[in-house]
Amino acid sequence: MTHHYSDVSLWLDSIDGIVEPDVPELPAETDTAIIGAGLTGMWTAYYLKQKSPDLDITVFEAEIVGYGASGRNGGWCMGEAYGLDTYLANPSTREAGMRLHREMFNTVDEVGRVSQGEDIDCHYAKGGQLTVAQMPFHAEQIKRRVAYKHSLGFTEDDYQWLEPEEAGGRIRTAGRYGAAFARNCAVIQPARLVRGLADVLRGKGVKILERTPATELAPRVVTTPRGRVFVRNILRATEGYTASIAGLKRNIMPLYSMITATEPLPEDAWAEIGLNEREVFDDPRRLVIYGQRTIDNRFVLGGRANYYFGSRRRPTIPATDANVKRVEKVARELFPVLNDFKTTHGWGGLMGVPRHWRPCVTFDKTNGMGWAGGYVGEGVAATNLAGRILSDLVLERETELIELPWVNDEARLWEIEPLRWLGSRSVRWMGYQADAEEARTNKPSVFWGPIFDKLSS
Ligand SMILES: Cc1cc2nc3c(=O)[nH]c(=O)nc-3n(C[C@H](O)[C@H](O)[C@H](O)COP(=O)(O)OP(=O)(O)OC[C@H]3O[C@@H](n4cnc5c(N)ncnc54)[C@H](O)[C@@H]3O)c2cc1C
């Protein structure tokens with residue numbers, strides 16, 4: 001029987017015939033258990049198998065492969081990662097931060113290489129990223145950002161300021177004051193990538209148990225509603241869903257991001273919008289707007305939104321949700337031509353935010369427990385690097401990757417409720433205040449802006 005996933009995301013909905021969840025028999029034991037079949041879980045299994053082909057791996061997935069953020073995201077495969085600036089700003093971590101930054105560039109190409117080599121048709125295109133100045137003061141902000149990247153040693157080939165006329169050749173938003181172009185960014189259809197990887201892994205003998213949540217994890221034992229499995233290593237890859245496991249409620253804050261997708265647009269509409277190279281685009285607002293042109297000429301546009309009290313997770317977010325509608329409204333304001341076309345999909349997904357707002361990869365060989373995640377909404381490429389690092393840690397390989405600053409960079413726990421909820425509400429409110437003030441005055445917000453920036457990084 002074929003399931004449909006139109007309420008989960010356009011990406012899962014447009015994969016032909018996702019069949020019934022695959023629920024093989026629960027093994028009594030396995031060498032390495034991976035919890036979560038998103039991109040972190042799949043990449044970790046992929047590199048473990050590549051480096052140690054005989055390793056016995058079982059993946060436990062609560063729903064189906066790609067049901068989490070990996071099957072719902074904006075499809076930006078970017079050569080950046082959340083929190084990178086923190087390492088770069090601190091003289092004691094700058095050099096390591098630069099290595100991480102360069103490795104993120106390589107990761108964009110690695111994702112393209114593997115998907116091509118493994119015949120995964122995930123619509124990969126390395127068109128770069130445009131950050132568009134919607135207001136004159138944005139142009140100054142973006143130019144300073146490009147100059148900062150150059151001061152670190154990056155070149156015009158990596159980051160470039162485009163004057164309004166040149167930027168207009170690539171993208172035509174309502175306000176047009178120039179743009180930054182970053183070459184190291186690709187675009188993908190994320191569900192095709194994560195599910196394609198799962199198929200490759202099944203072919204290599206990895207067992208993937210769908211509809212099999214882990215309810216409790218203890219050294220050497222995974223507990224599920226179907227029974228217990230004895231293991232040597234447990235690698236947790238549950239990101240924004242981590243609170244679903246006993247005892248881990250305050251490790252990662254689940255934040256929702258919302259997305260809408262239009263019907264396929266005709267060429268004359270795209271002539272008004274641009275993005276001919278399938279560049280992705282955003283702007284400097286704190287609301288965070290991110291867009292891509294899909295291979296079938298839809299416009300997919302997302303924005304950041306919500307936290308629910310008690311780290312509550314909603315399986316799906318309806319297209320009628322007020323936060324989804326707000327993203328749709330912003331899309332139509334930015335590109336008035338969209339008013340002539342239908343929005344066919346609207347959905348939301350969970351991203352994972354650790355208390356220090358940057359990813360972590362860790363493995364303790366004494367008890368066989370490890371995890372990777374905390375990408376704060378920038379994990380499409382970062383999951384690949386995290387998977388490569390985690391596989392090296394598990395296999396005790398002495399590589400340069402295990403020297404990168406994500407390794408063992410664990411955050412402290414989040415505050416208890418209602419502080420968590422109040423804090424996230426206040427930060428979001430400050431972000432909206434700062435954006436609104438900047439739109440009104442055409443000047444950087446000097447009060448709410450810096451507080452928001454400080455609290456969200
Ligand atoms: C709407 C949205 C847009 C985004 N856009 C971008 C973007 O454009 N670019 C970018 O770089 N990043 C983006 N991100 C972030 C990116 O998608 C994530 O960082 C990345 O997919 C995380 O992958 P993951 O495998 O760690 O987590 P997930 O993909 O969330 O996978 C976790 C898996 O664990 C499963 N699970 C949960 N609980 C259990 C349990 N108890 N037992 C077993 N399995 C469990 C879930 O069902 C899920 O399949 C976006 C995120 C969202 C939500």
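Residues numbered from 1 in each chain as written. Predicted model: local features only at pLDDT ≥ 70, side-chain atom pairs only at ≥ 80, totals over all residues. Heavy atoms only, no water.

What to know about the packing of aromatic side chains
Part 1 of the argument: Inspection of the entire model under this criterion finds 15 aromatic pairs.
Part 2 of the argument: Ring geometry for F105 versus F154: centroids 5.3 Å apart, planes at 50°, classification tilted. With a gap of 49 residues between them, F105 in helix 4 (residues 94-117) and F154 in the loop between helix 5 (136-151) and strand 5 (159-162) connect regions that are remote in the sequence.
Part 3 of the argument: Taking relative accessible area as the criterion, F105 reaches 9% and is therefore assigned buried.
Part 4 of the argument: We classify F154 as buried; its relative accessible area is 3%.
Part 5 of the argument: For the pair W270 and F299, a centre-to-centre distance of 5.4 Å together with 50° between the ring planes defines the contact as tilted. Taken together, the residues W270 in helix 8 (residues 267-273) and F299 in strand 15 (residues 299-304) connect sequence positions 29 residues apart. (Phe/Tyr/Trp six-rings, centres within 6.5 Å; stacked < 30°, edge-to-face > 60°. Helix = DSSP H or I, 4+ residues; strand = E, 2+ residues; numbered from the N terminus. Buried < 20%, exposed > 50% of the residue type's maximum accessible area, 1.4 Å probe, protein only.)

Concerning the site of the ligand
Part 1 of the argument: Close to the ligand lie 38 residues; T40, E61, S70, A214 and V380 are nearest.
Part 2 of the argument: T40 places a side-chain nitrogen or oxygen 2.6 Å from an oxygen atom of the ligand.
Part 3 of the argument: Backbone polar atom of A69 to an oxygen atom of the ligand: 3.0 Å apart, as the coordinates give it.
Part 4 of the argument: Coverage of the ligand by the protein chains reaches 98% of its 1000 Å² of free accessible surface.
Part 5 of the argument: Contributing elements (two or more residues each) for the shell around the ligand: helix 2 (39-51), strand 3 (76-78), strand 12 (253-262) and strand 16 (343-353).
Part 6 of the argument: Residues belonging to the shell around the ligand are distributed by class as follows: 19 nonpolar, 15 polar and four charged. (Near = heavy atom within 4 Å. Polar contact = N/O pair within 3.5 Å; in protein donor to acceptor, adjacent residues only side chain to side chain. Areas by Shrake-Rupley, 256 points an atom, 1.4 Å probe, with all protein chains shown as cover. Nonpolar A, V, L, I, M, F, W, Y, C, P; charged D, E, K, R; others polar.)

Examining the environment of Q116
Part 1 of the argument: Among the structural elements, Q116 can be located in helix 4.
Part 2 of the argument: Remark: the alpha-carbon pair of Q116 and V300, spanning 184 residues in sequence, is separated by 24 Å.

As for the side chain of E438
Part 1 of the argument: On the secondary structure map, E438 appears in helix 11 (residues 419-441).
Part 2 of the argument: Residue classification places E438 among the buried positions, given a relative accessible area of 3%.
Part 3 of the argument: Excluding anything up to four places from it in sequence, E438 contacts M135, F137, R286, K443, P444 and S445. (Contact = heavy atoms within 4.5 Å.)

A few points about the side chain of E61
Part 1 of the argument: Following the sequence through the fold, E61 ends up in the loop between strand 2 (57-60) and strand 3.
Part 2 of the argument: As a buried residue without a salt bridge, E61 has its nearest oppositely charged side chain in R211, at a separation of 8.0 Å.
Part 3 of the argument: Residues contacting E61, with those up to four places away along its chain left out, are G36, A37, G38, Y67, L209, E210, R211, T212 and P213. (Lys, Arg positive; Asp, Glu negative; His and termini not counted. Salt bridge = Lys/Arg side-chain N within 4 Å of Asp/Glu carboxyl O.)

Some points on the environment of M253
Part 1 of the argument: On the secondary structure map, M253 appears in strand 12.
Part 2 of the argument: Measuring from C-alpha to C-alpha, the distance between M253 and A243 comes to 8.0 Å, with 10 residues separating the pair along the chain.
Part 3 of the argument: Beyond its immediate stretch of four places on either side in the chain, M253 contacts Y307, M351, G352, V353, W414, R420 and S424.

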